[in-house]
Amino acid sequence: MDSKNTSLNRILVAFSGGADSSALALMLKQLGFDLVLGHVDHQMRPSSAHDAARCVELAKGWRLPIEVARVVVRPATEAEARRVRYAALEKIADELGCVGIATGHTLDDDAETVAMRQQ
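Bear in mind the structure is a predicted one, so any value in this text is a computation, not a measurement. The residue numbers shown here count from 1 along each chain, following its written sequence. A pLDDT threshold of at least 70 governs which residues receive local features in this predicted model, and a stricter bar of 80 or more applies before side-chain atom pairs are shown or counted, although totals over entire chains, interfaces and linings include all residues. As a convention, hydrogens and water are excluded, and side-chain values are obtained from all of the structure's heavy atoms.

Engineer: Can you break down the overall build of the protein residue by residue, with the values?
Structural biologist: Check the secondary structure of the protein and you find four helices and four strands. When its helices and strands are written in sequence order, the protein yields β-α-β-α-β-α-β-α. Considering the protein as a whole, with its 119 residues, one finds that 38% of them fall into the buried category. Pairs of residues are marked as contacts when any of their non-hydrogen atoms sit within 4.5 Å. Considering only contacts within the protein whose residues lie at least 6 apart along the sequence, 68% involve residues at least 24 apart. With the model as given, the accessible surface of the protein reaches about 7400 Å², and the carbon-plus-sulfur share is 53%. Note on conventions: DSSP H or I runs of at least 4 residues are helices, E runs of at least 2 residues are strands, and numbering of each starts at the N terminus. Working definition: with a 1.4 Å probe on protein chains only, accessible area under 20% of the residue-type maximum means buried, over 50% means exposed, and in between means partly exposed. To measure how exposed things are, a 1.4 Å probe is used in the Shrake-Rupley method; for residues, cover is taken only from the protein chains shown.

Okay, structure coming up:
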């Protein structure tokens with residue numbers, strides 16, 4: 001993707017392929033935002049490459065661009081995975097000229113919400 005091809009409303013959507021990030025991406029697309037999906041493959045599970053490929057296929061079907069970052073998480077903890085994920089998303093957003101990063105969370109994402117508020 002050409003980083004010089006930016007718009008004032010380009011948003012990076014943190015995209016796992018789950019219900020929350022899918023709904024967020026489709027809603028923002030419907031509202032007319034210039035979207036890029038950003039998937040972070042933590043490589044912490046054997047199926048992570050399959051998850052990334054599924055996200056690429058969803059993006060293709062929705063005609064949305066996607067960037068996949070593969071990262072190494074050491075130590076392999078949820079807290080470190082979160083830190084690395086947000087760093088990767090910030091890097092993608094900066095490279096593509098995005099004005100913000102949108103994340104989708106459901107009511108059962110309490111643990112991540114609490115952890116984010118503690119930082």
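Okay, back to it.
Engineer: How would you explain the environment of Ala81 if you had to name every residue and give the values?
Structural biologist: Secondary-structure assignment places Ala81 in helix α3 (residues 78–96). Taking the relative accessible area as the measure of exposure, Ala81 reaches 3% and is therefore buried. Distance from Ala81 to Gln43, taken between C-alpha atoms, is 10.0 Å for residues 38 residues apart in sequence. Contact partners of Ala81, with chain neighbours within four places excluded, come to His42, Met44 and Val73.

Engineer: Can you tell me about the environment of Ala52, naming the residues and giving the values?
Structural biologist: Within the element layout of this structure, Ala52 appears in helix α2 (residues 48–62). Look at Ala52 and you get buried, because its relative accessible area is 1%. Leaving out residues up to four positions away in the same chain, Ala52 has contacts with His39, Asp41, Val68 and Arg70.

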